[in-house]
Every structure is written in C-alpha cells, then in structure tokens.
Amino acid sequence: MHEKAKLLLSCNTKEEAYKKLTWLTDCRVGTGIKIPFSIISGQKVPYIEFQRVKKVVNKFGKLFGDFQLVLIHRDPVLIINSQMISFEREFRWCLNNFVKTYPKVVKFIEPYNPVHVKYSSLVDDPVRELSSIYEKLGQPVSEDLVRKITTTRGAWKHGKKIMEGLQRVPIATNTKFVLSEDQVKAVHNETKRISHGW
C-alpha cells in the first residue's frame, strides 16, 4: 500500500498513476523475488493533516472512481507518541493537531461508509480482524489464507500471484515511549470530547 501522497496528487489520469506508482520491489527476506508494489492495492493517508486527507481521498476518487475506505482508529496516546518520535514535534503541537484534525477526518470520511477498525484489535487478533475487513469490503477470503498472510514474512505463490507475508515485529520492541504520565493524562482529557468510541 502506497504512502506517497504527493506523488498521487501529481497525477492527472489513472494511467499516469499506475505508471508513477507501480514498480517491482524486493521481498523483505531478500529472496531475490520481485513483487509488484502498486497504487492498485491502495493509498495510506495518515490523518496528521486534514487538508491532505481530503485532497488524497478526492484525487483517488477522481482517478479510480468507486473505491472503499478502511479507517483505522488508534489510541491517541500512541498516535501522539509516534508523531513526537517520527516528526520530532513537541507534545503540545501533536496533541493540538490531533484534537483539531481527527474529528474533521472522521466527519469527512463518514459519507464514504468506511470500514472502521480498531488498531488494537488488529494487533491483538490480526486473523479475525483482516478476515472481517475483507468480508466487509465484499471480498471474503479463507481464514487459512489470512493466517498465512499474518504469520509469514517470506514470499509464496497464491494461484498466479506472488504474495508476501505481513508478520510484524512486536510493537513493544520497536517503539519507545516518550510521553510522561502528565502528558498521557492530558491526551485522555483532551480527546474524551472527540472520541467516537474507538
């Protein structure tokens, strides 16, 4: 799934998007097998900036027509922690930005009837959650296939396609936590009023 929003926004036609946003890439395990990486599989848009989300969703719709959205809801504490580390932003900026942006993104996306997913549920039981996502998108797949996707890291054949497993590194081992107890409390207090139960 692509994260290159600027590249997508620069495209004027579906054909241009396919050309600019499709290439062969090595599998993670260094097998030498190349697999296609394409805009066809979707576009990831972090909701750090509302206007960017709006532009990307509108552009995707203009280029590809009918599409489906999956909205992943993550604990605001973890989002803000991640932004502080990844973007080297101050706590207050990250909190204010989340409180200002998140409700706008949810409101904007609701008319698209997105599939809502709790990030914590996806991490806790990826087989169940991915199976549910596929089913809600009208593309049910077998639980065995989803289990293989979530428990392998290498490439393997599925019919005529080459698939690559998504086995993840446990979050606790690759993410440091930088928020203080007071900052965690501030996040909980500020986000209560914008919560949608996620």
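Up top you'll find the structure we're talking about.
Residues numbered from 1 in each chain as written. Predicted model: local features only at pLDDT ≥ 70, side-chain atom pairs only at ≥ 80, totals over all residues. Heavy atoms only, no water.

Take the overall build of the chain next. For the chain, the count of helices and strands is 10 helices and six strands. Counting the 198 residues in the chain, one finds 35% classified as buried. Contacts in the chain between residues at least 24 apart in sequence constitute 58% of all its contacts with a sequence separation of at least 6. For the chain, the computed accessible surface area is about 12,600 Å², with 52% contributed by carbon and sulfur atoms. (Helix = DSSP H or I, 4+ residues; strand = E, 2+ residues; numbered from the N terminus. Buried < 20%, exposed > 50% of the residue type's maximum accessible area, 1.4 Å probe, protein only. Contact = heavy atoms within 4.5 Å. Areas by Shrake-Rupley, 256 points an atom, 1.4 Å probe, with all protein chains shown as cover.)

Another aspect to go through is the packing of aromatic side chains. Centre-to-centre distance and the angle between the planes together describe a pair of aromatic rings. In total, this model carries seven aromatic pairs according to the counting rule given. Here F67 and Y112 contribute two aromatic rings whose centre-to-centre distance is 5.6 Å and whose plane-to-plane angle is 35°, an arrangement assigned as tilted. One end of the pair, F67, is in the loop between α3 (50–64) and β3 (70–73); the other, Y112, is in the loop between α5 (91–109) and β4 (115–118), with 45 residues separating them in the sequence. Given the relative accessible area of 17%, F67 is considered buried. (Phe/Tyr/Trp six-rings, centres within 6.5 Å; stacked < 30°, edge-to-face > 60°.)

At a minimum axis separation of 9 Å, α3 and α5 run at an interaxial angle of 20°. Relative to α5, α3 is oriented roughly parallel. Like other packed secondary-structure pairs, α3 and α5 cross with a definite hand, here right-handed. When α3 is examined against α5, the residues F50, V53, K54, V57 and N58 are found in contact with a partner set consisting of T101, K104, V105, F108 and I109. (Axes fitted to C-alpha atoms, helices over the stretch in contact; angles between N-to-C directions. Parallel < 35°, antiparallel > 145°, perpendicular 65-115°, else oblique. Left-handed = near helix turned anticlockwise from the far one by under 90°.)

This part is about the nonpolar core. Of all hydrophobic cores here, the largest spans 36 residues; its most connected members are L8, Y47, I80, F91 and L179. In terms of residues, this core owes the most to one element, α5, which gives 10 residues. Look past the residues within four positions of I80 in its chain and what remains in contact with it is F91, C94, L95, F98, L179 and V187. Counting residues in each nonpolar core, the second largest holds eight residues, with V115, V117, L122 and V146 among its members. (Core = buried A, V, L, I, M, F, W, Y, C linked by side-chain atoms within 4.5 Å.)

What follows covers the pairing of β3. Across the two faces of β3 the burial differs, with L71 and H73 buried and V70 and I72 not buried at all. Summarising the sheet, β3 and β4 pair through four bridges and their orientation is parallel. When the bridges of β4 are listed, H73 appears paired with K118. (Pairing = 2+ DSSP bridges.)

With that settled, the discussion passes to the pattern of salt bridges. Using the criterion set out here, one finds four salt bridges in the structure. Here D125 and R128 are joined by a salt bridge, their closest N and O atoms 3.7 Å apart. For the salt bridge of E129 with R128, the shortest nitrogen-to-oxygen distance reads 2.9 Å. In the salt-bridge network here, residues are joined through shared partners; they are D125, R128 and E129. (Salt bridge = Lys/Arg side-chain N within 4 Å of Asp/Glu carboxyl O.)

What follows deals with helix α7 (residues 126–136). Within an α-helix, residues lying three or four positions from one another point in the same direction, as the helix has 3.6 residues per turn. Among the residues of α7, V127, E129, L130, S131 and I133 are the ones counted as buried. Just beyond α7, the residue with positive phi is G138, at close to 80°.

Here the focus is α3. Between its terminal C-alpha atoms α3 stretches 21 Å, which fits the 21 Å expected from 15 residues at 1.5 Å a residue. Listed as buried for α3 are F50, V53, V56, V57, K59, F60, L63 and F64. Backbone geometry just downstream of α3 places G65 in the positive-phi region, at approximately 75°. (Expected span 1.5 Å × (residues − 1).)

Within the fold, K176 resides in the loop between α9 (171–174) and α10 (181–191). Considered as a pair, K176 and S82 are 94 residues apart in the sequence and their alpha carbons are 8.7 Å apart. In contact with K176, not counting residues within four places along its chain, are N81 and I85.

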